[in-house]
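# Structure at a glance
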Amino acid sequence: MERAVDFFRDRHMLCGHCGRRWVADLEWIDRWSDSQESCPGCGVTCEAEAGPRVTVDPDDFALQDDEITQFAWYHTSTHPDWPDFDPAASLNDDSRADMKSDALLDNWVDVKRAKALHVGTYEAAVENMLRRIYDHQDEPGTQFYLYRLHLVPTVAVRAGWIPDPGNWMGDVMLDEVCPPGVDVARYRNDREDAGGISLALGRTAILSVQRIEIPLLLDEDSGWVAAAVRELKEAGAEPPTSGVIRRDVTSPRYEKARELVAPLAERLPTSLGRQFVAATAFYARSIEDWAAYVIGLINIILAPEQALAWRFHGDLSSSRVKTEEGCSDLR
Ligand SMILES: [Zn+2]
């Protein structure tokens, strides 16, 4: 079963000061974040310590225990084999040397593996990728994968939901949120698809996983790519292939690239538009690759039905799933 994807959906608000609940659109929330709006109940702004905040939709299907194994859940990662990647594979030689002994390294790997996995709505997964690039945790153009997964039908789900348990890196130990006998904990995601329900879980709760590579190029994109390449060449633009990524440079070649990205970014909610601009920095790709990346990245956001219909196919009711991009059988 697939939930409707809507990056523009209204959010449920709850004022911690007066208890008022209401529904706000994203423009209202942007103004509120700028202290230009206040609680309709008591008048406090976002600066109030316990003021209004985005909260969960009480009618969210994900709050029903018998529904959460029916949905597809999503995750984005730079690991091509999530969730079975080897944490030590990302260590360089210096980091390994710092570990000094194999026992220390094993311990470090155990700690990494004891961390909860996070999955959420399609929107949350995509927003997580964009935030990571915006926050400089990953470079623009880094290869990301979008994962779609189903849970084991018999998982034990923790009652209700908890506030977003992650630290600034999103890290949380599994046993902190899933006590013995519990496989999955629901939490209110505050950072991506705010107010949506995400899940903290361990590997054994996952039944099957599918993967597509980001960006997602569609047949109809060839016209946009060709036009963008032509305009960039006419402007004498070549992306810099080395050095520090500078997002604020004002040379003509950067300006032309920004001109091409701007109308696309305007089609997104404000905060997402900002992140999209960061993720499409004109850097380290050929002109053709850059143009394809730009349009293929916005497809993930604005044409999710194409991503879901085109690549994520296969019978997920069985524990062995074959798709064009391959998958993992985790049982
Ligand atoms: Zn209030």
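Below you will find a few notes about this structure. Source: prediction; values computed, not measured.

Once that is clear, we can look at the packing of helix H4 (residues 122–134) against helix H8 (residues 270–279). Across the interface, H4 lies against H8 with an axial gap of 8 Å and an inter-helix angle of 60 degrees. As the angle between them shows, H4 and H8 are arranged oblique. Note on packing geometry: the crossing formed by H4 with H8 is left-handed. Contact residues: H4 offers Glu 127, Leu 130, Arg 131, Ile 133 and Tyr 134, while H8 offers Leu 272, Gln 275, Phe 276, Ala 278 and Ala 279. Tallied by class, residues from the contact of H4 with H8 come to seven nonpolar, one polar and two charged.

Before going further, it helps to examine the pairing of strand E8 (residues 197–201). With five of five residues buried, E8 is to be regarded as a mostly interior element. Relative to E8, strand E5 (residues 117–119) is paired through three bridges, and the arrangement is antiparallel. When the sheet's bridge partners are listed, His 118 is paired in E8 with Ala 200. Strand direction decides the pairing type here: strand E7 (residues 184–188) and E8, joined by five bridges, are antiparallel. Counterpart to Arg 188 in the pairing with E8 is Ile 197.

Scoring rules and cut-offs
- Within each chain, residues carry numbers counting from 1 in the order of the written sequence.
- Side-chain atom pairs in this predicted model are given and counted only at pLDDT of 80 or more, local residue features only at pLDDT of at least 70, and totals for whole chains, interfaces and linings cover all residues.
- Note on geometry: axes are lines fitted to C-alpha atoms, helical ones only across the stretch in contact, with angles between N-to-C directions running from 0 to 180 degrees.
- Helix numbers and strand numbers start at the N terminus; a helix is a DSSP run of H or I with at least 4 residues, a strand a run of E with at least 2.
- With respect to orientation, any angle under 35 degrees is reported as roughly parallel, any angle over 145 as roughly antiparallel, any angle of 65 to 115 as roughly perpendicular, and every other angle as oblique.
- Each crossing gets its handedness from the near helix: less than a right angle anticlockwise from the far helix is left-handed, clockwise is right-handed.
- Contact between two residues is assigned when their C-beta atoms, built from the backbone, lie within 7 Å.
- Residue type decides the class: Asp, Glu, Lys and Arg count as charged, Ala, Val, Leu, Ile, Met, Phe, Trp, Tyr, Cys and Pro as nonpolar, and the leftover types, Gly among them, as polar.
- The exposure scheme places C-beta atoms from the backbone and then counts, for each residue, the other C-beta atoms within 10 Å of its own, assigning buried at 20 or more, exposed at 12 or fewer, and partly exposed in between.
- Being paired, for any two strands, means DSSP has found at least two bridges between them.

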